[in-house]
Amino acid sequence: MNCIIIDDEATARAIIAQLCTNIPSLNILEDFPNAMQAIKYLNQNDVDLIFLDIHMPDFTGFDFIQTLKNPPKIILTTSDPQFAIEAFEYDCIVDYLVKPIALPRFEKAIQKAESISNKIQETTAAASSQIETSSGNDLYVNIDRRLIKIDIPSIYLVEAKGDYIQVKTEDKNYTVHSTLKKIEDKLPNDLFLKIHRSYIINVQKIIDIEDNSVLIKKDVIPVSRSNRPELMKRLNLL
Amino acid sequence: MEQPNLSYINQLSGGDKTFEEKLISIIKLEFPEEKAIYYKNIESDNFKEAAENVHKLKHKISILGLEKSYEVAVDFENNLLEKSTTGKEEFDNIMQMITNFLTTL
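Owing to the predicted nature of the structure, the values given are computational and were not obtained by experimental measurement.

Which residues make up the overall build of chain A, and what values do they have?
Looking only at helices and strands, chain A has seven helices and 15 strands in total. Taking all 238 residues of chain A together, the buried fraction comes to 29%. For chain A, the share of sequence-separated contacts (at least 6 apart) that also reach a separation of at least 24 residues comes to 47%.

As C-alpha coordinates, this is what we get:
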(Lines give C-alpha, C1' and ligand atoms only; values in the text may rest on other atoms or scores of the structure.)
Protein backbone atom coordinates (compact mmCIF):
# COMPACT_ATOMS: atom_id res chain seq x y z
CA MET A 1 0.00 0.00 0.00
CA ASN A 2 1.28 3.45 -0.90
CA CYS A 3 1.13 5.68 2.18
CA ILE A 4 1.71 9.21 3.28
CA ILE A 5 2.15 10.61 6.79
CA ILE A 6 0.63 13.91 7.91
CA ASP A 7 1.75 15.20 11.29
CA ASP A 8 2.99 18.60 12.38
CA GLU A 9 5.48 16.95 14.72
CA ALA A 10 8.71 15.73 13.09
CA THR A 11 9.24 13.21 15.90
CA ALA A 12 5.86 11.61 15.19
CA ARG A 13 6.54 11.41 11.46
CA ALA A 14 9.88 9.70 12.11
CA ILE A 15 8.26 7.20 14.48
CA ILE A 16 5.49 6.26 12.04
CA ALA A 17 8.00 5.89 9.21
CA GLN A 18 10.04 3.58 11.45
CA LEU A 19 6.96 1.52 12.34
CA CYS A 20 6.23 1.15 8.63
CA THR A 21 9.65 -0.42 8.02
CA ASN A 22 8.37 -3.48 9.89
CA ILE A 23 5.61 -4.06 7.32
CA PRO A 24 6.94 -4.94 3.85
CA SER A 25 3.62 -4.19 2.12
CA LEU A 26 3.81 -0.52 3.15
CA ASN A 27 5.52 1.99 0.92
CA ILE A 28 5.90 5.48 2.37
CA LEU A 29 5.71 7.94 -0.50
CA GLU A 30 5.98 11.21 1.42
CA ASP A 31 5.42 12.85 4.77
CA PHE A 32 3.95 16.27 5.40
CA PRO A 33 4.04 18.69 8.36
CA ASN A 34 0.61 20.05 7.47
CA ALA A 35 -2.58 19.06 5.69
CA MET A 36 -2.42 21.76 3.01
CA GLN A 37 0.75 20.32 1.48
CA ALA A 38 -0.78 16.87 1.57
CA ILE A 39 -3.91 18.03 -0.29
CA LYS A 40 -1.75 19.31 -3.16
CA TYR A 41 0.11 16.00 -3.25
CA LEU A 42 -3.10 13.94 -3.21
CA ASN A 43 -4.39 15.85 -6.22
CA GLN A 44 -1.53 14.46 -8.28
CA ASN A 45 -0.74 11.08 -6.73
CA ASP A 46 -2.51 7.84 -5.90
CA VAL A 47 -2.35 7.05 -2.22
CA ASP A 48 -3.86 3.97 -0.56
CA LEU A 49 -3.41 4.89 3.08
CA ILE A 50 -2.86 8.05 5.12
CA PHE A 51 -1.48 8.22 8.64
CA LEU A 52 -3.14 11.37 9.87
CA ASP A 53 -2.68 13.40 13.04
CA ILE A 54 -5.89 15.03 14.25
CA HIS A 55 -4.48 17.83 16.36
CA MET A 56 -2.70 20.19 14.00
CA PRO A 57 -2.71 23.99 14.05
CA ASP A 58 -4.98 25.85 11.56
CA PHE A 59 -6.28 22.74 9.79
CA THR A 60 -7.20 19.68 11.85
CA GLY A 61 -7.20 16.10 10.62
CA PHE A 62 -11.01 16.13 10.44
CA ASP A 63 -10.96 19.39 8.42
CA PHE A 64 -8.54 17.66 6.06
CA ILE A 65 -10.77 14.59 5.60
CA GLN A 66 -13.72 16.81 4.73
CA THR A 67 -11.78 18.36 1.84
CA LEU A 68 -11.30 14.98 0.16
CA LYS A 69 -13.87 13.83 -2.39
CA ASN A 70 -12.74 10.20 -2.44
CA PRO A 71 -10.57 9.80 0.63
CA PRO A 72 -8.24 6.83 0.76
CA LYS A 73 -8.11 4.71 3.89
CA ILE A 74 -7.02 6.71 6.91
CA ILE A 75 -5.41 5.66 10.17
CA LEU A 76 -5.62 8.41 12.76
CA THR A 77 -2.54 8.89 14.90
CA THR A 78 -3.21 11.09 17.87
CA SER A 79 -2.63 11.84 21.52
CA ASP A 80 -6.36 12.53 21.94
CA PRO A 81 -8.38 9.42 22.83
CA GLN A 82 -11.49 11.61 23.11
CA PHE A 83 -11.89 11.92 19.33
CA ALA A 84 -12.42 8.18 18.83
CA ILE A 85 -16.22 8.47 18.64
CA GLU A 86 -16.08 11.25 16.06
CA ALA A 87 -13.59 9.19 14.06
CA PHE A 88 -16.12 6.41 13.52
CA GLU A 89 -18.41 8.83 11.71
CA TYR A 90 -16.04 8.63 8.76
CA ASP A 91 -16.12 5.50 6.59
CA CYS A 92 -12.58 6.08 5.40
CA ILE A 93 -11.13 5.88 8.92
CA VAL A 94 -9.80 2.39 9.44
CA ASP A 95 -8.30 2.71 12.90
CA TYR A 96 -7.40 5.11 15.65
CA LEU A 97 -3.91 4.89 17.16
CA VAL A 98 -3.08 6.70 20.37
CA LYS A 99 0.49 7.95 20.70
CA PRO A 100 2.99 6.66 21.64
CA ILE A 101 2.25 3.90 19.16
CA ALA A 102 3.57 0.43 19.92
CA LEU A 103 4.44 -1.94 17.08
CA PRO A 104 1.85 -4.69 17.88
CA ARG A 105 -0.98 -2.15 17.87
CA PHE A 106 0.37 -0.59 14.67
CA GLU A 107 0.49 -4.02 12.97
CA LYS A 108 -3.11 -4.65 13.97
CA ALA A 109 -4.19 -1.37 12.36
CA ILE A 110 -2.39 -2.27 9.14
CA GLN A 111 -4.06 -5.69 9.10
CA LYS A 112 -7.42 -3.91 9.31
CA ALA A 113 -6.48 -1.60 6.43
CA GLU A 114 -5.29 -4.53 4.32
CA SER A 115 -8.41 -6.51 5.06
CA ILE A 116 -10.56 -3.58 3.89
CA SER A 117 -8.37 -3.24 0.78
CA ASN A 118 -8.88 -6.91 -0.03
CA LYS A 119 -12.65 -6.59 0.37
CA ILE A 120 -12.68 -3.57 -1.94
CA GLN A 121 -10.63 -5.49 -4.53
CA GLU A 122 -13.03 -8.45 -4.34
CA THR A 123 -16.02 -6.15 -4.81
CA THR A 124 -14.32 -4.41 -7.73
CA ALA A 125 -13.48 -7.76 -9.33
CA ALA A 126 -17.08 -8.92 -8.95
CA ALA A 127 -18.30 -5.67 -10.50
CA SER A 128 -15.90 -5.99 -13.46
CA SER A 129 -16.94 -9.58 -13.99
CA GLN A 130 -20.53 -8.39 -14.23
CA ILE A 131 -19.51 -5.81 -16.83
CA GLU A 132 -17.79 -8.51 -18.89
CA THR A 133 -20.94 -10.61 -18.79
CA SER A 134 -22.95 -7.63 -19.83
CA SER A 135 -20.57 -6.83 -22.69
CA GLY A 136 -20.88 -10.55 -23.59
CA ASN A 137 -24.50 -9.79 -24.50
CA ASP A 138 -23.32 -7.66 -27.37
CA LEU A 139 -22.21 -8.67 -30.82
CA TYR A 140 -20.27 -6.29 -33.03
CA VAL A 141 -20.76 -6.65 -36.77
CA ASN A 142 -18.76 -4.96 -39.50
CA ILE A 143 -21.00 -3.09 -41.92
CA ASP A 144 -19.50 -0.55 -44.32
CA ARG A 145 -16.31 -0.34 -42.21
CA ARG A 146 -18.32 0.46 -39.09
CA LEU A 147 -18.54 -1.84 -36.12
CA ILE A 148 -22.18 -1.88 -35.15
CA LYS A 149 -23.28 -3.22 -31.81
CA ILE A 150 -26.20 -5.64 -31.74
CA ASP A 151 -27.84 -6.75 -28.52
CA ILE A 152 -27.67 -10.55 -28.77
CA PRO A 153 -30.98 -11.35 -26.97
CA SER A 154 -32.78 -9.03 -29.38
CA ILE A 155 -31.75 -11.22 -32.35
CA TYR A 156 -34.56 -13.55 -33.31
CA LEU A 157 -33.31 -14.92 -36.60
CA VAL A 158 -30.13 -15.28 -38.62
CA GLU A 159 -30.46 -16.28 -42.24
CA ALA A 160 -27.69 -17.32 -44.61
CA LYS A 161 -27.79 -15.48 -47.95
CA GLY A 162 -24.87 -16.58 -50.12
CA ASP A 163 -21.71 -14.80 -48.89
CA TYR A 164 -23.81 -12.81 -46.46
CA ILE A 165 -25.98 -13.39 -43.45
CA GLN A 166 -29.02 -11.42 -42.47
CA VAL A 167 -29.32 -10.75 -38.77
CA LYS A 168 -32.87 -9.89 -37.78
CA THR A 169 -33.53 -8.13 -34.49
CA GLU A 170 -36.68 -6.72 -32.97
CA ASP A 171 -35.71 -3.24 -34.14
CA LYS A 172 -33.68 -3.67 -37.26
CA ASN A 173 -32.21 -6.08 -39.81
CA TYR A 174 -28.49 -6.19 -40.60
CA THR A 175 -26.86 -7.70 -43.69
CA VAL A 176 -23.33 -8.74 -42.83
CA HIS A 177 -20.56 -10.27 -44.91
CA SER A 178 -20.07 -13.46 -42.88
CA THR A 179 -21.13 -17.08 -42.60
CA LEU A 180 -23.74 -18.86 -40.52
CA LYS A 181 -20.99 -20.97 -38.95
CA LYS A 182 -19.09 -17.89 -37.73
CA ILE A 183 -22.10 -16.27 -36.10
CA GLU A 184 -23.23 -19.60 -34.64
CA ASP A 185 -19.94 -19.77 -32.74
CA LYS A 186 -20.56 -16.29 -31.30
CA LEU A 187 -24.12 -16.85 -30.15
CA PRO A 188 -24.98 -18.48 -26.81
CA ASN A 189 -26.05 -22.11 -27.24
CA ASP A 190 -28.74 -21.88 -24.58
CA LEU A 191 -30.57 -19.18 -26.56
CA PHE A 192 -29.90 -19.99 -30.20
CA LEU A 193 -30.34 -23.10 -32.28
CA LYS A 194 -29.54 -23.91 -35.88
CA ILE A 195 -32.74 -25.48 -37.20
CA HIS A 196 -31.80 -25.57 -40.87
CA ARG A 197 -28.59 -25.21 -42.88
CA SER A 198 -29.64 -21.65 -43.66
CA TYR A 199 -31.28 -20.58 -40.37
CA ILE A 200 -30.44 -19.99 -36.75
CA ILE A 201 -33.28 -18.98 -34.48
CA ASN A 202 -33.63 -17.54 -31.02
CA VAL A 203 -35.59 -20.30 -29.29
CA GLN A 204 -37.21 -17.87 -26.87
CA LYS A 205 -38.81 -15.95 -29.76
CA ILE A 206 -40.70 -18.94 -31.20
CA ILE A 207 -44.41 -18.30 -31.52
CA ASP A 208 -45.45 -21.73 -32.71
CA ILE A 209 -44.23 -24.87 -34.42
CA GLU A 210 -46.14 -26.67 -37.11
CA ASP A 211 -44.89 -29.87 -38.71
CA ASN A 212 -41.56 -28.93 -40.22
CA SER A 213 -41.69 -25.19 -39.74
CA VAL A 214 -41.39 -22.62 -36.98
CA LEU A 215 -43.18 -19.32 -36.78
CA ILE A 216 -40.87 -16.74 -35.34
CA LYS A 217 -42.11 -13.15 -35.40
CA LYS A 218 -43.68 -13.01 -38.85
CA ASP A 219 -41.21 -15.40 -40.45
CA VAL A 220 -42.02 -19.02 -41.15
CA ILE A 221 -38.74 -20.93 -41.02
CA PRO A 222 -38.24 -24.51 -42.22
CA VAL A 223 -36.90 -27.05 -39.74
CA SER A 224 -34.68 -29.71 -41.26
CA ARG A 225 -35.36 -33.31 -40.30
CA SER A 226 -31.93 -33.71 -38.72
CA ASN A 227 -32.35 -30.60 -36.50
CA ARG A 228 -35.90 -31.28 -35.40
CA PRO A 229 -35.08 -33.65 -32.48
CA GLU A 230 -32.75 -31.04 -30.95
CA LEU A 231 -35.42 -28.37 -31.32
CA MET A 232 -38.00 -30.58 -29.63
CA LYS A 233 -35.59 -31.25 -26.78
CA ARG A 234 -35.27 -27.53 -26.15
CA LEU A 235 -39.01 -27.01 -25.79
CA ASN A 236 -40.74 -27.07 -22.48
CA LEU A 237 -43.46 -29.48 -23.59
CA LEU A 238 -46.52 -30.13 -21.50
CA MET B 1 10.31 10.11 41.02
CA GLU B 2 10.21 8.65 37.52
CA GLN B 3 13.06 9.45 35.18
CA PRO B 4 13.16 9.85 31.40
CA ASN B 5 14.38 6.78 29.59
CA LEU B 6 14.87 5.37 26.11
CA SER B 7 12.86 2.16 26.54
CA TYR B 8 10.23 3.08 23.95
CA ILE B 9 12.79 4.33 21.45
CA ASN B 10 14.88 1.18 21.87
CA GLN B 11 11.82 -1.01 21.47
CA LEU B 12 10.81 0.91 18.38
CA SER B 13 14.24 0.74 16.78
CA GLY B 14 14.62 -3.02 17.17
CA GLY B 15 18.34 -2.38 17.59
CA ASP B 16 18.64 0.00 14.65
CA LYS B 17 21.18 2.45 16.10
CA THR B 18 20.95 4.75 13.09
CA PHE B 19 17.24 5.23 13.69
CA GLU B 20 17.78 5.76 17.43
CA GLU B 21 20.35 8.48 16.75
CA LYS B 22 18.14 10.07 14.12
CA LEU B 23 15.10 10.15 16.39
CA ILE B 24 17.04 11.51 19.35
CA SER B 25 18.50 14.25 17.19
CA ILE B 26 14.98 15.17 15.99
CA ILE B 27 13.74 15.30 19.60
CA LYS B 28 16.76 17.36 20.67
CA LEU B 29 15.96 19.82 17.90
CA GLU B 30 12.18 19.90 18.25
CA PHE B 31 11.78 19.84 22.03
CA PRO B 32 13.58 23.14 22.82
CA GLU B 33 11.58 24.89 20.08
CA GLU B 34 8.25 23.59 21.36
CA LYS B 35 9.22 24.39 24.94
CA ALA B 36 10.21 27.96 24.00
CA ILE B 37 6.90 28.55 22.24
CA TYR B 38 5.05 27.15 25.26
CA TYR B 39 6.84 29.54 27.65
CA LYS B 40 6.21 32.47 25.35
CA ASN B 41 2.47 31.70 25.23
CA ILE B 42 2.07 30.96 28.93
CA GLU B 43 3.84 34.20 29.84
CA SER B 44 1.48 36.09 27.54
CA ASP B 45 -1.57 34.33 28.98
CA ASN B 46 -2.32 32.79 25.59
CA PHE B 47 -4.03 29.84 27.23
CA LYS B 48 -5.42 28.15 24.14
CA GLU B 49 -2.11 28.33 22.31
CA ALA B 50 -0.26 27.18 25.44
CA ALA B 51 -2.63 24.23 25.69
CA GLU B 52 -1.76 23.31 22.10
CA ASN B 53 1.93 23.51 22.98
CA VAL B 54 1.42 21.25 25.98
CA HIS B 55 -0.51 18.86 23.78
CA LYS B 56 2.44 18.55 21.44
CA LEU B 57 4.94 18.27 24.29
CA LYS B 58 2.86 15.44 25.76
CA HIS B 59 4.02 13.16 22.97
CA LYS B 60 7.69 13.79 23.81
CA ILE B 61 6.90 13.09 27.47
CA SER B 62 5.36 9.73 26.58
CA ILE B 63 8.17 8.81 24.16
CA LEU B 64 10.63 9.31 26.99
CA GLY B 65 8.71 6.84 29.16
CA LEU B 66 7.32 9.40 31.63
CA GLU B 67 3.92 7.87 32.26
CA LYS B 68 2.98 9.80 35.41
CA SER B 69 4.28 13.04 33.94
CA TYR B 70 2.10 12.39 30.92
CA GLU B 71 -0.96 12.39 33.17
CA VAL B 72 0.21 15.65 34.74
CA ALA B 73 0.50 17.14 31.25
CA VAL B 74 -3.00 15.93 30.31
CA ASP B 75 -4.47 17.65 33.39
CA PHE B 76 -2.49 20.80 32.77
CA GLU B 77 -3.60 20.96 29.13
CA ASN B 78 -7.24 20.68 30.24
CA ASN B 79 -6.69 23.40 32.88
CA LEU B 80 -5.18 25.72 30.30
CA LEU B 81 -8.21 25.23 28.07
CA GLU B 82 -10.24 26.50 31.02
CA LYS B 83 -7.81 29.41 31.40
CA SER B 84 -6.29 28.02 34.56
CA THR B 85 -2.57 27.59 35.17
CA THR B 86 -3.04 24.97 37.86
CA GLY B 87 -0.33 22.35 37.41
CA LYS B 88 2.08 24.76 35.76
CA GLU B 89 4.85 24.30 38.31
CA GLU B 90 4.72 20.54 38.06
CA PHE B 91 4.69 20.70 34.27
CA ASP B 92 7.61 23.12 34.22
CA ASN B 93 9.57 20.68 36.38
CA ILE B 94 8.93 17.98 33.79
CA MET B 95 10.19 20.30 31.08
CA GLN B 96 13.37 20.89 33.06
CA MET B 97 13.81 17.19 33.72
CA ILE B 98 13.58 16.42 29.99
CA THR B 99 15.93 19.28 29.14
CA ASN B 100 18.51 17.88 31.54
CA PHE B 101 18.04 14.36 30.17
CA LEU B 102 18.49 15.44 26.57
CA THR B 103 21.81 17.10 27.38
CA THR B 104 23.09 13.69 28.48
CA LEU B 105 22.35 12.08 25.10
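That shown, we press on.
Break down the sheet that holds strand S15 (residues 219-222) of chain A for me, with residues and values.
Residue and element names in this part refer to chain A. Taken in spatial order, the three strands of this open sheet run S13-S14-S15, and their pairing is antiparallel. Looking at strand neighbours, the two that pair on one side only are strand S13 (206-210) and S15, the edges of this open sheet. The average undirected angle you get between the axes of adjacent strands in this sheet is 25 degrees. When strand S14 (residues 213-216) meets S15, the two strands line up antiparallel, connected through four bridges.

Can you lay out the pairing of strand S8 (residues 155-161) of chain A for me, pointing to particular residues and giving the numbers?
Residue and element names in this part refer to chain A. Sheet topology places S8 next to strand S9 (residues 164-169); six bridges connect them, and they run antiparallel. For Ile 155, the partnering residue across the bridge sits in S9 and is Thr 169. With antiparallel pairing between neighbouring strands as the criterion, S8 and S9 make up a hairpin whose turn holds two residues, including Gly 162 at a positive phi of roughly 65 degrees. Bridge count for S8 against strand S12 (residues 199-202) is three bridges, and the pairing is antiparallel.

How each quantity is defined
- Residues numbered from 1 in each chain as written.
- Chains lettered and ligands numbered in written order.
- Predicted model: local features only at pLDDT ≥ 70, side-chain atom pairs only at ≥ 80, totals over all residues.
- Helix = DSSP H or I, 4+ residues; strand = E, 2+ residues; numbered from the N terminus.
- Buried ≥ 20, exposed ≤ 12 C-beta atoms within 10 Å, placed from the backbone.
- Contact = placed C-beta atoms within 7 Å.
- Pairing = 2+ DSSP bridges.
- Axes fitted to C-alpha atoms, helices over the stretch in contact; angles between N-to-C directions.

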